[in-house]
Amino acid sequence: MDGGSSVASDDDTEGGRPAKAQRGIRSIETAGAILRVMAEASGPMKLRDLAEAIEVAPAQLHPYLVSLRSLRMVEQTESGLYGLGPFALELGLSRLRAQDAYHEAILRISSLAEETGMMVALTVWGLHGATIVHVRETIARIHANVRAGGGFALTATATGRLFVAFLPAPMTDPLIRRELAERASAEARFAFDEARFRADIARVRARGYETTLDLPIPGVSAVTAPVFDFSGEMKLAVTVIGPTQQIDLSPDGPLVRATLNFTQRLSSDLGFRPS
């Protein structure tokens with residue numbers, strides 16, 4: 001570790017052109033490495049353990065901790081351990097407040113559509129239930145009315161069951177009852193097995209995603225997974241939809257893995273940490 005600094009000015013140029021690479025301040029980068037180790041630790045750390053993680057001698061590390069303590073980025077417990085301080089928390093909360101799950105998902109959704117070659121829909125919880133807010137289409141055309149402003153039935157679609165699994169029951173139960181009443185009045189022979197439905201919801205909650213094969217539209221299948229924020233609240237669903245003959249819904253298949261990688265990475269960037 002070098003406690004000195006090496007700074008690149010905005011005016012550093014070669015022949016009037018910006019330099020290819022700019023150098024940063026090494027001491028700040030080292031301080032950042034210290035904070036990262038503390039953030040990833042399960043609790044306050046001994047100076048020796050912190051120094052070992054940074055790969056420096058404790059004597060070299062101590063001046064950094066003094067400065068970070070003065071900034072309230074680091075604090076020392078009564079037992080002499082070091083952990084993140086109150087200003088570090090303030091910065092983290094400020095970052096999280098600036099994050100928007102929908103905005104971030106929109107910025108990234110094209111990559112998932114291109115990777116899978118399938119349609120991708122973003123769905124949020126609205127006044128009328130699971131409401132589609134964005135659709136990214138690809139060359140894999142499907143015969144399904146999936147459009148922004150539309151919705152997914154809670155009892156008959158993968159995305160609907162996902163919201164039921166991860167939202168509080170008082171939010172979803174009234175809409176489920178209304179949906180069942182509407183279906184019963186439209187279909188004389190309609191029968192709903194609530195015990196089986198609740199078992200399905202428990203299964204969705206346990207595995208963390210849901211799939212549907214040829215339902216509710218024959219020839220169309222999908223996989224959907226939730227995006228959570230730092231508080232653990234489900235903010236939206238990411239649903240990958242395509243022709244059944246082109247979709248592999250197996251847990252270790254590329255489509256399910258790509259969807260889960262996308263939602264888990266986005267959730268992590270929004271501050272979500274699984275318990």
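This text follows the structure it describes.
Now for a look at the structure at hand. (Residues numbered from 1 in each chain as written. Predicted model: local features only at pLDDT ≥ 70, side-chain atom pairs only at ≥ 80, totals over all residues. Heavy atoms only, no water.)

## Some thoughts on the pairing of strand 9 (residues 220-228)
Of all nine residues that make up strand 9, nine are buried, and the element is covered over most of its length. Alternating positions in strand 9 separate into two faces, Val220, Ala222, Thr224, Pro226 and Phe228 on one and Ser221, Val223, Ala225 and Val227 on the other, with burial throughout. By the bridge criterion, three bridges tie strand 8 (residues 210-212) to strand 9 in an arrangement that is antiparallel. Bridge pairing in strand 9 places Thr211 opposite Val223. Strand direction decides the pairing type here: strand 9 and strand 10 (residues 234-243), joined by nine bridges, are antiparallel. Across the sheet, residue Ala225 finds its bridge partner in strand 10, namely Val238. Hairpin geometry of strand 9 and strand 10 is characterised by an intervening segment of five residues between the two adjacent antiparallel strands and by a positive phi of about 90° at Gly232. (Buried < 20%, exposed > 50% of the residue type's maximum accessible area, 1.4 Å probe, protein only. Helix = DSSP H or I, 4+ residues; strand = E, 2+ residues; numbered from the N terminus. Pairing = 2+ DSSP bridges.)

## Some details on the layout of surface pockets
As a volume, the second largest pocket reaches approximately 470 Å³. Around the second largest pocket sit 16 residues that line it, and Thr155, Arg161, Arg196, Asp200 and Leu215 are the ones nearest its centre. Of all the secondary-structure elements, those providing two or more residues to the lining of the second largest pocket are helix 8 (194-207) and strand 8. At three residues, helix 8 tops the list of elements feeding residues into the lining of the second largest pocket. Its residues assigned to classes, the lining of the second largest pocket comprises eight nonpolar, three polar and five charged. (1 Å grid on protein atoms, 1.4 Å probe; cavity = no way out; pocket = protein on both sides within 12 Å on 5 of 7 lines; lining within 4 Å. Points joined across faces, edges and corners; volume = space filled by probe spheres on them. Nonpolar A, V, L, I, M, F, W, Y, C, P; charged D, E, K, R; others polar.)

## A few points about the side chain of Glu210
Relative to the assigned elements, Glu210 resides in strand 8. In terms of polar contacts, Glu210 uses its side chain to reach the side chain of Arg207, at 2.9 Å. Filtering out sequence-adjacent residues up to four positions away, Glu210 remains in contact with Ala158, Arg161, Leu162, Arg203, Val204, Ala222, Val223 and Thr224. (Polar contact = N/O pair within 3.5 Å; in protein donor to acceptor, adjacent residues only side chain to side chain. Contact = heavy atoms within 4.5 Å.)

## Side note on the packing of helix 1 (residues 26-40) against helix 2 (residues 47-54)
One way to put it is that helix 1 packs onto helix 2 with a least axis distance of 10 Å and a crossing angle of 115°. Viewed along their axes, helix 1 and helix 2 form a crossing whose handedness is right-handed. On helix 2, the residues touching Ala33, Ile34, Val37 and Met38 of helix 1 are Leu50, Ala53 and Ile54. Along the lines of polarity and charge, the residues of the contact of helix 1 with helix 2 split into seven nonpolar, no polar and no charged. (Axes fitted to C-alpha atoms, helices over the stretch in contact; angles between N-to-C directions. Left-handed = near helix turned anticlockwise from the far one by under 90°.)

## Overview of the sheet that holds strand 5 (residues 119-126)
Pairing is antiparallel across the open sheet formed by six strands, whose spatial order is 7-6-5-10-9-8. The outermost strands of the open sheet, each flanked by one partner alone, are strand 7 (151-152) and strand 8. Inspection of the sheet shows strand 6 (residues 129-136) paired to strand 7 by two bridges, in the antiparallel sense. Opposite Thr131, over in strand 7, you have Gly151 as the bridge partner. Seen against the sheet, helix 5 (residues 101-116) touches strand 5, strand 6 and strand 10 and runs at an angle of roughly 60° to strand 6. Lying over the sheet, helix 6 (residues 158-166) contacts strand 5, strand 6, strand 7, strand 8, strand 9 and strand 10, oriented at roughly 160° with respect to strand 10.

## Quick word on helix 9 (residues 254-269)
For helix 9, spanning 16 residues, the distance from its first C-alpha to its last is 22 Å, which sits close to the expected 22 Å at 1.5 Å a residue. Regarding helix 9, the residues found buried are Leu255, Val256, Ala258, Thr259, Leu260, Phe262, Thr263, Leu266 and Ser267. Elements that come into contact with the buried residues of helix 9 comprise helix 5, strand 9 and strand 10. Just beyond helix 9, the residue with positive phi is Gly271, at close to 100°. (Expected span 1.5 Å × (residues − 1).)

## So, the pattern of salt bridges
Under the defined criterion, the tally for this structure stands at 14 salt bridges. Salt-bridge contacts for Glu40 lead to Arg36; the nearest nitrogen and oxygen are separated by 3.9 Å. Here Glu40 pairs with Arg36, and both are found in helix 1, just four residues apart, close to one helical turn. Considered together, Glu40 and Arg36 belong to a single accessibility category, that of exposed residues. Taking the shortest distance from any N to any O, the salt bridge between Glu194 and Arg177 comes out at 2.7 Å. Taken together, the positions of Glu194 in helix 8 and Arg177 in helix 7 (residues 169-186) put the pair 17 residues apart, joining distant regions of the chain. Under the relative-accessibility criterion, Glu194 is labelled partly exposed at 29%. One network of salt bridges, in which partners are shared, links Arg161, Asp200, Arg203, Arg207 and Glu210. (Salt bridge = Lys/Arg side-chain N within 4 Å of Asp/Glu carboxyl O.)

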